[in-house]
Amino acid sequence: MTQQLITGDLWKQVCSRTQSALTTGALQSITTDLHILEQDGLKFMVRVAQNLKRKAQDKSVAFNPFLPPDPDLTVADISSTHLSVLNKFNVVENHLLIVTREFQHQERLLTLDDFEALWLCLGEYPSLGFYNGGAAAGASQQHKHLQLVPLPLYPGLSATPFDALYATAPREDGIHTLAQLPFLHSWSPLPRGLVDDPSSAARQIESRYLQMLDSLGIDAVTGNDGDYQSAPYNLLLTTEWMLLIPRTQEHCEEISINALGYVGSLFVKELSELDKIIRLGPMNLLKAVSKSR
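Note that the coordinates shown come from a computational prediction; the quantities given were computed from them, not determined experimentally.

**Q** I'd like a description of the nonpolar core, backed by residues and values.
**A** Residues Tyr209, Tyr233, Leu235 and Leu244 are the most contacted members of the largest nonpolar core, which totals 46 residues. If we ignore the near neighbours within four places in the chain, the residues touching Tyr209 are Leu109, Leu110, Phe115, Tyr233, Leu235, Met242 and Leu244. In this structure, Tyr154, Trp241, Leu266 and Leu286 belong to the second largest nonpolar core, which totals 39 residues.

**Q** Which residues make up the packing of helix α2 (residues 112-122) against helix α4 (residues 198-215), and what values do they have?
**A** For the pair α2 and α4, interaxial distance at closest approach is 8 Å and the crossing angle is 125 degrees. In terms of their interaxial angle, α2 and α4 are classed as oblique. Crossing handedness for the pair α2 and α4: right-handed. Here Leu112, Phe115, Glu116, Trp119 and Leu120 of α2 lie close against α4, whose contacting residues are Pro198, Ser199, Ala201, Ala202, Arg203, Ile205, Glu206 and Tyr209. Of the residues that constitute the contact of α2 with α4, the class distribution is nine nonpolar, one polar and three charged.

**Q** Explain the sheet that holds strand β8 (residues 145-150) to me, using residue names and the numbers behind them.
**A** What links the strands of a sheet is backbone hydrogen bonding, and the strands pair in either a parallel or an antiparallel sense. Here we have nine strands laid out as an open sheet, ordered β1-β4-β5-β6-β8-β7-β12-β13-β9, and mixed in their pairing. A strand with exactly one partner marks an edge of an open sheet, and here the two such strands are β1 (3-4) and β9 (186-189). In the sheet, β1 pairs with strand β4 (residues 74-77) via two bridges, with the strands oriented parallel. Pairing of Gln3 across the sheet is with Ala76, part of β4. Packing against the sheet, helix α1 (residues 10-24) makes contact with β1, β4, β5 (82-86), β6 (96-100) and β8, and its axis sits at approximately 150 degrees to β4. In the packing of α2 onto the sheet, the strands contacted are β5, β6, β7 (127-133), β8 and β12 (233-237), and the crossing angle to β8 comes to about 15 degrees.

**Q** Before we move on, could you go through the state of the cysteines and cite the residues and values that matter?
**A** Under the criterion given, the structure shown has zero disulfides. Cys121 provides the cysteine sulfur closest to Cys15, a residue in no disulfide bond, and the two sulfurs are 14 Å apart. Residue class for Cys121 comes out buried when judged on its relative accessible area of 0%.

**Q** Any details on helix α5 (residues 271-280)? Residues and values, ideally.
**A** For α5, the complete set of buried residues consists of Glu273, Leu274 and Ile277. Down the axis of α5, the smallest arc covering the buried residues is 105 degrees, so these residues share one side. Relative to its buried face, α5 has exposed residues pointing more than 90 degrees away, namely Leu271, Ile278 and Arg279. Against the buried residues of α5 lie β2 (32-39), β3 (42-49), β15 (255-256), β16 (265-268) and α6 (282-288). Immediately downstream of α5, the backbone of Gly281 shows phi near 95 degrees, a positive value.

**Q** Tell me about the pairing of β4, residues and numbers included.
**A** As paired elements, β4 and β5 share three bridges and run antiparallel to each other. Along β5, the bridge assignment pairs Thr74 with Val85. Counting the residues that bridge the hairpin from β4 to β5 gives four residues.

**Q** Break down the packing of aromatic side chains for me, with residues and values.
**A** The full count for this structure, using the stated rule, is ten aromatic pairs. Between Tyr131 and Tyr233, the ring centres sit 6.2 Å apart and the planes meet at 40 degrees, which makes this aromatic pair tilted. Of this pair, Tyr131 sits in strand β7 while Tyr233 sits in strand β12; the two residues are 102 residues apart in sequence, bridging distant segments of the chain. A single burial state applies to Tyr131 and to Tyr233, both of which are buried. Geometrically, the ring pair formed by Phe183 and Tyr262 is edge-to-face, given 5.2 Å between the ring centres and 75 degrees between the ring planes. Of this pair, Phe183 sits in the loop between α3 (163-167) and β9 while Tyr262 is found in the loop between β15 and β16, placing the two residues 79 residues apart along the sequence. Exposure class is identical for Phe183 and Tyr262. Each is buried.

What counts, and at which threshold
Residues numbered from 1 in each chain as written. Predicted model: local features only at pLDDT ≥ 70, side-chain atom pairs only at ≥ 80, totals over all residues. Heavy atoms only, no water. Core = buried A, V, L, I, M, F, W, Y, C linked by side-chain atoms within 4.5 Å. Buried < 20%, exposed > 50% of the residue type's maximum accessible area, 1.4 Å probe, protein only. Contact = heavy atoms within 4.5 Å. Axes fitted to C-alpha atoms, helices over the stretch in contact; angles between N-to-C directions. Helix = DSSP H or I, 4+ residues; strand = E, 2+ residues; numbered from the N terminus. Parallel < 35°, antiparallel > 145°, perpendicular 65-115°, else oblique. Left-handed = near helix turned anticlockwise from the far one by under 90°. Nonpolar A, V, L, I, M, F, W, Y, C, P; charged D, E, K, R; others polar. Pairing = 2+ DSSP bridges. Disulfide = S-S within 2.5 Å. Arc of directions from axis to C-beta. Phe/Tyr/Trp six-rings, centres within 6.5 Å; stacked < 30°, edge-to-face > 60°.

Below you can see the structure in the form of structure tokens.
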């Protein structure tokens, strides 16, 4: 039976479910080696899979791992609209997915319910929330799901590889751009104290999210079941800031980039792909899959 989310207990619930899922084999973690690169004064962390043996999904067969989710991977009921599930093929330890109970397409715009569920989890422990808005932004499933990874991303290091950049980012309320990021994006600090009131926080974050989309020319497209995005994008947020980046494509030279790339965290399946990143430059990789400023 799925547990209810109890304030202050989510981290304990995630760790407990992780251990039991590893024991049963439901969780198939991907072991990696870490490599540190640098470009334009920014550090990048690249995880390289040691021995990736992930079974390919037959694309001719429609499959939704969230309807229903594997009970061995399900962590807690978050709200009446969302529940939390471990990422089955996780690269980052204790990687949590925040999934809509009923099917919504991954290209639907995020809603107040989505932000309330995400914020309830963000306030539980130091973490980074993110959303891959569509396949071109790195989404591997069509069922709407936000994601949450604990901070720091790499034990013993700063919270994210780009922390030095974000520490000097504007703190004035509003929407900004960061000079060191050479692709189209929108940055916004968040007011202090939002963690204490998830409902109020969700309303403020939803409003800022819609402003950021508008500032980047991403419109709402009305569909039969709700509003959809007019273009792919990645969204990242902590309890202190939000970052939104329009996308043009998922891959650069067969290397897949999702939202974590925009905090300096990359993943590749084999060493030959690491060689490509070294040759191209990790920031150039991000530029290649993003819109030019």
